[in-house]
Amino acid sequence: MLKVNKIFMVLCVLMAFSTNTMMQCQSKEQAYFSPGKLWQDNTGTHINAHGGGTLYYNGRYYWFGEHKSDTTSSALVGVMCYSSSDLYNWKKEGVAFSVEENRNSDITKGCIMERPKVVYNKKTGKFVLWFHLELKGQGYVAARVGVAVSDQITGPYKFLRSYRPNPGIYPANMTDKQKKLTLNARDYDKWWTPKWYKAVSDGLFVKRDLNSGQMSRDMTIFVDDDGKAYHIYSSEENLTLQIAELTDDYLGHTGKYIRIFPGGHNEAPAVFKKDGVYWMITSGCTGWDPNEARMFSAPSIWGPWKQHPNPCVGNDAKLTFYSQSTFIQKVEGKKDAYIFMADIWRPEHPIDARYVWLPIQFGKDGIPVLQWMDSWNLDFFSLK
Ligand code: GAL
């Protein structure tokens, strides 16, 4: 009898242990966003998809972002994918795009792979992933964009190439006079002087990089209502934003591009369109440290773009609530509902970087406003 009791007790302990372990492994269903807090996926692990973007496809949202490790921001894994039907609860789909072991590959393990964005091409039925690539061991010198493609949204994405966009082609909004100027970077080694500003504005770095293609670092991809896609990126030593048209299959550049806010030092572009107006939120250039967001609008992707005040209001508005923009997602099925997505970087422990998702509110004259919220959910959009 004693023996049976003992076996029963051991069984009970084992059951209690396994239930507890299961509970630890499965996160609770969430029905709200908690900006800046740890955000667990369905396995109970903090979501690892930084500098990312989302794509709505067939009734689900897919979140792609940089996999970060605990000790380095360099890519040891690649681009992660998560999926969700409600935007709060995310299922880990795994590595969508992997770094390669081959040391001669552009995307060899240890390269820098940042700000991945996936778009769906209706004509080809393919998913296209664009990202900022820096070659291993070269810091941020390469300044390239990379492109990969997949038949399935969750991957695996196949790497096609990396390059600097539009070699040999001048931006559409550079004047003939500017094109004819001879500007030599060596004559302008002292930055931020009026003479230097003028030269930057006239295309100092466009000319320097004309043959190799334009520098391309922080980036996003925007798909317009007519299906045309655009690559928007920090170029010209991060001083100037460029907007470049992609080919119909979204796999390359057409050669048409413009430059905006020369010398404006904009990074981390995130774009959305509402009532025919294109809105863009960016950050300044202070690396992993937060700074004050900037906002711009235009009646056409080709401009004219105009600058507005910082969209953030309230405490820490001047530091974008300690975060940096990465993407803006429209909430399907809700009117005028857009989510501003940003990263709170943790360069000492990159894997611990946090996400800030906030609703975009529209103030006077329909101007976007961002306000901090400790917690909120999608009902916010119906309450307006
Ligand atoms: C940030 C940029 C990030 C990353 C970082 C490196 O300004 O937005 O994507 O490149 O600099 O310092």
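Residues numbered from 1 in each chain as written. Predicted model: local features only at pLDDT ≥ 70, side-chain atom pairs only at ≥ 80, totals over all residues. Heavy atoms only, no water.

Novice: For the pairing of strand β4 (residues 91–98), give the residues involved together with the corresponding values.
Specialist: Summarising the sheet, strand β3 (residues 78–84) and β4 pair through 6 bridges and their orientation is antiparallel. If you follow Val-79 over to β4, its bridge partner there is Phe-97. The hairpin turn running from β3 into β4, its antiparallel successor, is 6 residues long, and Leu-87 in that turn takes a positive phi close to 75 degrees. (Pairing = 2+ DSSP bridges. Helix = DSSP H or I, 4+ residues; strand = E, 2+ residues; numbered from the N terminus.)

Novice: Give a detailed account of the site of the ligand, specifying residues and quantitative values.
Specialist: The ligand sits among Glu-114, Arg-115, Tyr-140, Asp-218, Glu-267, Gly-287, Trp-288 and Gln-324. Interatomic distance of 2.7 Å between a side-chain N/O atom of Glu-114 and an oxygen atom of the ligand. Glu-267 places a side-chain nitrogen or oxygen 2.4 Å from an oxygen atom of the ligand. Within the complex, the protein chains bury 90% of what would otherwise be the 310 Å² of accessible surface of the ligand. Comparing atom positions with the cavity grids shows the ligand to sit within the second largest pocket. Taken together, the residues of the shell around the ligand break down into 2 nonpolar, 2 polar and 4 charged. (Near = heavy atom within 4 Å. Polar contact = N/O pair within 3.5 Å; in protein donor to acceptor, adjacent residues only side chain to side chain. Areas by Shrake-Rupley, 256 points an atom, 1.4 Å probe, with all protein chains shown as cover. 1 Å grid on protein atoms, 1.4 Å probe; cavity = no way out; pocket = protein on both sides within 12 Å on 5 of 7 lines; lining within 4 Å. Sits in = over half its atoms within 2 Å of the grid points. Nonpolar A, V, L, I, M, F, W, Y, C, P; charged D, E, K, R; others polar.)

Novice: Talk me through the nonpolar core; I want residue IDs and the actual numbers.
Specialist: Counting residues in each nonpolar core, the largest one holds 41 residues, and the members touching the most others are Ile-339 and Trp-357. The set of elements that each furnish at least two residues to this core consists of β2 (60–66), β3, β13 (267–274), β14 (277–283), β18 (324–330), β19 (338–344), β20 (354–359) and α5 (379–383). No other element matches the 6 residues that β19 contributes to this core. Formed by 23 residues, the second largest nonpolar core is a distinct cluster that contains Cys-81, Ile-107, Phe-131 and Leu-135. (Core = buried A, V, L, I, M, F, W, Y, C linked by side-chain atoms within 4.5 Å. Buried < 20%, exposed > 50% of the residue type's maximum accessible area, 1.4 Å probe, protein only.)

Novice: Run through the state of the cysteines, naming residues and quoting values.
Specialist: Per the stated rule, a full pass over the model turns up 0 disulfides. Its sulfur unpaired, Cys-81 is 19 Å from the next cysteine sulfur, which belongs to Cys-111. (Disulfide = S-S within 2.5 Å.)

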